[in-house]
Amino acid sequence: WGPSGNGKTDFATYYGKRHQADYAETVFISAIGGGAAFDQSLRDALEEVGVTVKDVTIPPVRLFINWLNRNDRDKPVLVVVDNVDEPADLDLVKN
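In this report, we go over the structure that sits alongside the text. It should be emphasised that the depicted structure is a prediction, and the values quoted were computed from it without experimental measurement.

It is worth spelling out the packing of aromatic side chains at this point. Counting across every chain of the model gives 3 aromatic pairs. R73 extends its terminal NZ or CZ atom over the ring of W67, reaching a point 4.4 Å from the ring centre.

Take the layout of surface pockets next. By volume, the second largest pocket is sized at about 160 Å³. Forming the boundary of the second largest pocket are 10 residues, of which K8, A12, V80, V81 and D82 lie nearest the centre. Secondary-structure elements contributing two or more residues to the lining of the second largest pocket are helix 1 (8–18) and strand 2 (77–81). Classifying every residue of the lining of the second largest pocket by side-chain character gives 6 nonpolar, 2 polar and 2 charged.

Every α-helix carries 3.6 residues per turn, so stepping three or four residues along brings you back to the same face. Restricting attention to buried positions, one finds in helix 3 (residues 60–68) the residues P60, F64 and W67. Seen end-on, helix 3 carries its buried residues on one side only, within an arc spanning 60°. Residues of helix 3 that are buried sit in contact with strand 1 (25–29), helix 2 (35–48) and strand 2.

A few words now on the environment of V61. Relative to the helices and strands, V61 resides in helix 3. Taking relative accessible area as the criterion, V61 reaches 36% and is therefore assigned partly exposed. With 23 residues separating them in the primary sequence, V61 and F38 have C-alpha atoms 8.8 Å apart.

Analysis parameters
Residues numbered from 1 in each chain as written. Predicted model: local features only at pLDDT ≥ 70, side-chain atom pairs only at ≥ 80, totals over all residues. Heavy atoms only, no water. Phe/Tyr/Trp six-rings, centres within 6.5 Å; stacked < 30°, edge-to-face > 60°. Lys NZ or Arg CZ within 6 Å of the ring centre and 35° of its normal. 1 Å grid on protein atoms, 1.4 Å probe; cavity = no way out; pocket = protein on both sides within 12 Å on 5 of 7 lines; lining within 4 Å. Points joined across faces, edges and corners; volume = space filled by probe spheres on them. Helix = DSSP H or I, 4+ residues; strand = E, 2+ residues; numbered from the N terminus. Nonpolar A, V, L, I, M, F, W, Y, C, P; charged D, E, K, R; others polar. Buried < 20%, exposed > 50% of the residue type's maximum accessible area, 1.4 Å probe, protein only. Arc of directions from axis to C-beta. Contact = heavy atoms within 4.5 Å.

Note that all results are geometric; they support no functional claim without further evidence.
Written out as structure tokens, the structure reads:
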């Protein structure tokens, strides 16, 4: 986390591209804070890795956690959550 404008997103993007061979997948989630924007960000992230979100009755966060918990990967997954500007935003990520 950190104040807006100090390069967190640039650093995360650089790291993700530089080290993509070390990860099975690299996922960027662009919105934080819950609500519709966060749900859409999770849907977008899932679609980027080839998961089609068909059942809109299942919360996107549950689908994303299920995808993360798959056991068919031989490498870890890098998840970058953007727009974490305040320490309280970390609680949303942890939960």
